[in-house]
Amino acid sequence: QENYKMETRQIFNCFLICCAVLSSGVSISILSPFYPKEALAKGVSVTCSGVVIGSVFISTVIFTPIAGKYIMVLGARNTLICGFINVALGNISFGFLDHIQNKNVFFAFSIVIRVFTAMGESAIGASSFSLAERQVTQEHKGKVISVIESCFGIGTVFGPSLGGALYEYGGFSFPFWILG
């Protein structure tokens, strides 16, 4: 068995991919501790808040195969970058929702922006595995995919805590602007 050693560039690339996937996980879950309360204050029901929170998961299921198709067109690296830009713009935009007073407009824009953000998260997820696999030999591909999946899970676990802490510190917009 050949002794395989990763080069510094490959380690750095894997680290960046892990950071992208981690932030994607955080983005999915950052609003869960405070969004329902804020939406309720605007007159949006708890059920509708649940629809907004759940819309990102449904959208990800729909857009991940589409993002996978466009990896062949754009390339994995460009797909990851486009996904990252999409998520950043979506999160920054979501931070402006607290300025909307009409409950129907608030609800509609909440869903639209979450779906837009989910499109970027889908691109990050689809491209990250392809990029990470290129950094290692065949025998280590399973390990690197496990690490990438773990980073997403860690992001979804710590997203609500981070979102709650940033919300307490700076209000509704702050968590989204920091993450964006």
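Refer to the structure above for everything that follows.
Q: Describe the overall build of the chain, listing the residues and the values that go with them.
A: If you tally the helices and strands in the chain, you get seven helices and zero strands. When the helices and strands of the chain are placed in sequence order, the string is α-α-α-α-α-α-α. In terms of overall size, the chain behaves like a compact globule, its C-alpha atoms giving a radius of gyration of 18 Å where 180 residues would be expected to give roughly 16 Å. Taken along the three principal axes of its C-alpha coordinates, the chain extends 65 × 35 × 20 Å. Of all 180 residues assigned to the chain, the portion counted as buried reaches 42%. As presented, the chain carries roughly 9600 Å² of accessible surface, and 68% of it is formed by carbon and sulfur atoms. The average position of the 11 basic charges and that of the 9 acidic charges among the side chains of the chain differ by 6 Å.

Q: I'd like a rundown of a nonpolar patch on the surface, residues and numbers included.
A: On the surface, a cluster of nonpolar side chains totalling about 740 Å² of accessible area is made up of I58, I62, I66, Y70, M72, V73 and L74. Locating Y70 in the fold gives a position in helix α3 (residues 46-74). According to the relative accessible area criterion, Y70 is partly exposed, its value standing at 40%.

Q: Summarise the packing of helix α1 (residues 8-29) against helix α5 (residues 103-133); cite the residues concerned and give the values.
A: Axes are the key here: two packed helices are described by the angle between their axes and the distance separating the axes. It is the contact of α1 with α5, at a shortest axis distance of 10 Å, that shows an interaxial angle of 155 degrees. By the criterion of interaxial angle, the relationship of α1 to α5 is roughly antiparallel. Considering how the two elements wind past one another, α1 and α5 form a crossing that is left-handed. Note on element contacts: α5 touches α1 through R114, T117, E121, I124, S128, L131 and A132, opposite I17, A20, V21, S24, S27 and I28. Among the residues making up the contact of α1 with α5, the classes are represented as seven nonpolar, four polar and two charged.

Q: Residues and numbers for the packing of aromatic side chains, please.
A: On inspection of all chains with the given rule, the structure shows ten aromatic pairs. Considering the side-chain rings of F34 and Y167, the 4.5 Å spacing of their centres and the 5 degrees angle between planes classify their relative orientation as stacked. Of this pair, F34 sits in the loop between α1 and α2 (35-41) while Y167 sits in helix α6 (residues 141-170); the two residues are 133 residues apart in sequence, bridging distant segments of the chain. Of the two residues, F34 and Y167, neither departs from the other in class, the shared state being buried. Arranged with centres 5.4 Å apart and planes meeting at 50 degrees, the rings of F172 and F176 form a pair that is tilted. Look at F176 and you get buried, because its relative accessible area is 0%. Connected via pairs of aromatic rings, a cluster forms that spans F34, Y35, F94, F106, Y167, F172 and F176.

Q: I'd like to hear about the nonpolar core, residue by residue, with values.
A: Core analysis: the biggest nonpolar cluster contains 19 residues, and I17, V21, I124 and I148 have the highest contact counts within it. When residues of this core are traced back to their parent elements, those giving at least two are α1, α3, α4 (76-94), α5 and α6. Counting residues in each nonpolar core, the second largest holds 17 residues, with V26, I30, A39 and F94 among its members.

Q: An account of the environment of H99 is needed here, citing residue identities and associated values.
A: Along the polypeptide, H99 turns up in the loop between α4 and α5. Linking H99 and E168, residues 69 residues apart in sequence, is a C-alpha distance of 18 Å.

About the criteria used
- Residues numbered from 1 in each chain as written.
- Predicted model: local features only at pLDDT ≥ 70, side-chain atom pairs only at ≥ 80, totals over all residues.
- Heavy atoms only, no water.
- Helix = DSSP H or I, 4+ residues; strand = E, 2+ residues; numbered from the N terminus.
- Rg over C-alpha atoms; globule rule 2.2 N^0.38 Å.
- Buried < 20%, exposed > 50% of the residue type's maximum accessible area, 1.4 Å probe, protein only.
- Areas by Shrake-Rupley, 256 points an atom, 1.4 Å probe, with all protein chains shown as cover.
- Lys, Arg positive; Asp, Glu negative; His and termini not counted.
- Charge placed at Lys NZ, Arg CZ, Asp CG, Glu CD.
- Patch = residues over 30% accessible without salt bridge, like charges linked within 9 Å, V, L, I, M, F, W, Y side chains within 5 Å.
- Salt bridge = Lys/Arg side-chain N within 4 Å of Asp/Glu carboxyl O.
- Axes fitted to C-alpha atoms, helices over the stretch in contact; angles between N-to-C directions.
- Parallel < 35°, antiparallel > 145°, perpendicular 65-115°, else oblique.
- Left-handed = near helix turned anticlockwise from the far one by under 90°.
- Contact = heavy atoms within 4.5 Å.
- Nonpolar A, V, L, I, M, F, W, Y, C, P; charged D, E, K, R; others polar.
- Phe/Tyr/Trp six-rings, centres within 6.5 Å; stacked < 30°, edge-to-face > 60°.
- Core = buried A, V, L, I, M, F, W, Y, C linked by side-chain atoms within 4.5 Å.

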